[in-house]
Amino acid sequence: MAAGWIEQLTGSLEQKKQYKRYKKRVEQLPADYRTAATALERYLTYFGAIAKGDVLLAMLEDLADLFEQSAADGTSIREIVGDDPVEFAETFIRNYADGQWINKERERLIKAIDAASEEGKR
Amino acid sequence: MGKQMTEMLKGTLEGIVLALLTGNPAYGYEITTQLRAKGFSDIAEGTVYALLVRIEQKGLVDVEKRPSEKGPPRKVYSLNAQGEKELDEFWTTWSFLSERLEQLREREA
């Protein structure tokens, strides 16, 4: 019970630990991969506007998986991200749309149009 | 890769990857290599990876983690029954689309 309301204020403790583990994984990447992963993290968290902690962490962990594997395989940064990093980031982020703020607004829009369309039938 | 090509590929890449996985479990890097060998030379590794995450979330593939000599364990993706169903649907849709487009082109000629 006590943990409940504290975590409401501070975010879940488990998620914080998970985030620290993710940060450590990124720190251990070769410098160029680390730079690229950090830049992507910034864009993904800004653009994604993901409100759910667990979805955000799942996204970051997938990002770390990709960069660890690519570093091990010797895949160059350009080969990972392609010619258009924005295109890549936005493809990537679509997998985590569940957690985005905009989702609430999407639902609201759908309901409003449903209601309006029903009204017209009467 | 041209902008138009990128846009068109976006809608079909999932089907292409499902087709590549048929009877042929593979991990991300292998799939990218296969795509490049088939002439999709400019596809980014990350784009393929993002797509694999998505088809995993949609339950179209089974995933097995296999240890690798270097680096973290590799996720090997294999098509499951639901993935096969999705692929059938993809080919049906594709046939429909390509027939209609051919008709349009013939009328134009």
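Per an unreviewed UniProt entry, the recorded name for chain B is PadR family transcriptional regulator, and the organism is Saxibacter everestensis.

Looking at an unreviewed UniProt entry, one finds chain A named DUF1048 domain-containing protein, with Saxibacter everestensis as its source organism.

S.K.: I tried to follow the overall build of chain A on my own but got confused; where do I start?
M.R.: Looking only at helices and strands, chain A has seven helices and zero strands in total. Ordered by position from the N terminus, the helices and strands of chain A form the series α-α-α-α-α-α-α. Seen through its C-alpha atoms, chain A measures out along the principal axes to roughly 65 × 45 × 20 Å. Each of the 122 residues in chain A was classed as buried or not, and the buried ones make up 32%. A separation threshold of at least 6 residues defines the contact pool for chain A, and within that pool the share at least 24 residues apart is 70%.

S.K.: Explain the overall build of chain B to me, please; I cannot follow it from the model alone.
M.R.: Looking only at helices and strands, one finds four helices and three strands in chain B. Oriented by its inertia axes, the alpha-carbon framework of chain B measures out at about 55 × 30 × 20 Å. Counting only residues that meet the buried cut, chain B has 35% of its 109 residues in that class. Excluding contacts between residues fewer than 6 apart, the proportion of contacts in chain B whose partners are at least 24 apart in sequence is 47%. Summing over all exposed atoms, chain B offers an accessible surface of approximately 6800 Å²; the carbon and sulfur share of this is 53%. Positive and negative charge centroids in chain B, built from 15 and 17 side chains respectively, lie 5 Å apart.

S.K.: I'm lost on the UniProt feature "domain: Transcription regulator PadR N-terminal" (unreviewed entry) in chain B in this one. Help?
M.R.: Mapped onto this structure's residue numbering, the UniProt feature "domain: Transcription regulator PadR N-terminal" (unreviewed entry) falls at residues 17-89 of chain B. Between the end C-alpha atoms of residues 17-89 of chain B the distance is 14 Å, and the span holds 51% helix and 19% strand.

S.K.: I tried to follow helix H3 (residues 45-57) of chain B on my own but got confused; where do I start?
M.R.: One turn of the α-helix equals 3.6 residues, which is why residues spaced by three or four share an orientation. Residues and elements named next belong to chain B. Given a rise of 1.5 Å per residue, 13 residues ought to cover 18 Å, and the 19 Å separating the end C-alpha atoms of H3 matches this to within 8%. If you check which residues of H3 are buried, you get Glu45, Gly46, Val48, Tyr49, Ala50, Leu51, Leu52, Val53 and Ile55. Positioned one or two residues after H3, glycine 59 has a phi angle of 75°, which is positive.

S.K.: Would you explain the packing of helix H1 (residues 3-21) of chain B against helix H2 (residues 28-37) of chain B in this entry?
M.R.: Helix-helix packing is described using two parameters, namely the angle between the two axes and the distance between the axes. Residues and elements named next belong to chain B. Viewed as axis vectors pointing N to C, H1 and H2 meet at an angle of 105°, and their least axial separation amounts to 11 Å. By the angle between their axes, H1 is roughly perpendicular relative to H2. Touching Leu13, Ile16, Val17, Leu20 and Leu21 of H1 are Ile31, Gln34 and Leu35, all from H2.

S.K.: How should I be thinking about the sheet that holds strand S3 (residues 74-79) of chain B in this particular structure?
M.R.: Neighbouring strands of a sheet are bound in pairs by backbone hydrogen bonds; such pairs are parallel or else antiparallel. All names here are of chain B. Sheet architecture is open: three strands sit in the order S1-S3-S2, paired in antiparallel fashion. Every interior strand has two partners, whereas the edge strands, strand S1 (26-27) and strand S2 (61-66), have only one. By the bridge criterion, two bridges tie S1 to S3 in an arrangement that is antiparallel. When the sheet's bridge partners are listed, alanine 26 is paired in S3 with tyrosine 77.

S.K.: What is the right way to look at the confidence of the model for chain B in this model?
M.R.: Fine structural detail should not be taken from predicted coordinates in areas where pLDDT scores are low. Residue and element names in this part refer to chain B. Put simply, chain B has an average pLDDT of 92, and 99% of its residues get 70 or more. Per-element confidence in chain B is highest for helix H4 (residues 81-108), whose mean pLDDT is 96, and lowest for H1, whose mean pLDDT is 91. Reported confidence for the predicted complex is 0.86 by ipTM and 0.85 by pTM.

S.K.: Would you mind showing me how to read the packing of aromatic side chains here?
M.R.: The description of an aromatic ring pair rests on the distance of the ring centres and on the angle between the ring planes. Tallied over the entire structure, the rule returns six aromatic pairs over all chains. Here the aromatic rings of Tyr19(A) and Tyr22(A) are separated by 6.0 Å at their centres, their planes lie at 40°, and the arrangement is tilted. Of this pair, Tyr19(A) and Tyr22(A) both sit in helix H2 (residues 13-27), three residues apart, which is roughly one turn of that helix. For Tyr22(A), a relative accessible area of 1% translates into the label buried. On the numbers, 5.1 Å between centres and 55° between planes, the contact of Phe90(B) with Trp91(B) is tilted. Overall, Trp91(B) belongs to the partly exposed group, its relative accessible area being 42%.

Definitions and cut-offs
- Residues numbered from 1 in each chain as written.
- Chains lettered and ligands numbered in written order.
- Predicted model: local features only at pLDDT ≥ 70, side-chain atom pairs only at ≥ 80, totals over all residues.
- Heavy atoms only, no water.
- Helix = DSSP H or I, 4+ residues; strand = E, 2+ residues; numbered from the N terminus.
- Buried < 20%, exposed > 50% of the residue type's maximum accessible area, 1.4 Å probe, protein only.
- Contact = heavy atoms within 4.5 Å.
- Areas by Shrake-Rupley, 256 points an atom, 1.4 Å probe, with all protein chains shown as cover.
- Lys, Arg positive; Asp, Glu negative; His and termini not counted.
- Charge placed at Lys NZ, Arg CZ, Asp CG, Glu CD.
- UniProt positions renumbered as here; feature names shortened; annotations may be inferred.
- Expected span 1.5 Å × (residues − 1).
- Axes fitted to C-alpha atoms, helices over the stretch in contact; angles between N-to-C directions.
- Parallel < 35°, antiparallel > 145°, perpendicular 65-115°, else oblique.
- Pairing = 2+ DSSP bridges.
- pLDDT = per-residue confidence, 0-100.
- Phe/Tyr/Trp six-rings, centres within 6.5 Å; stacked < 30°, edge-to-face > 60°.

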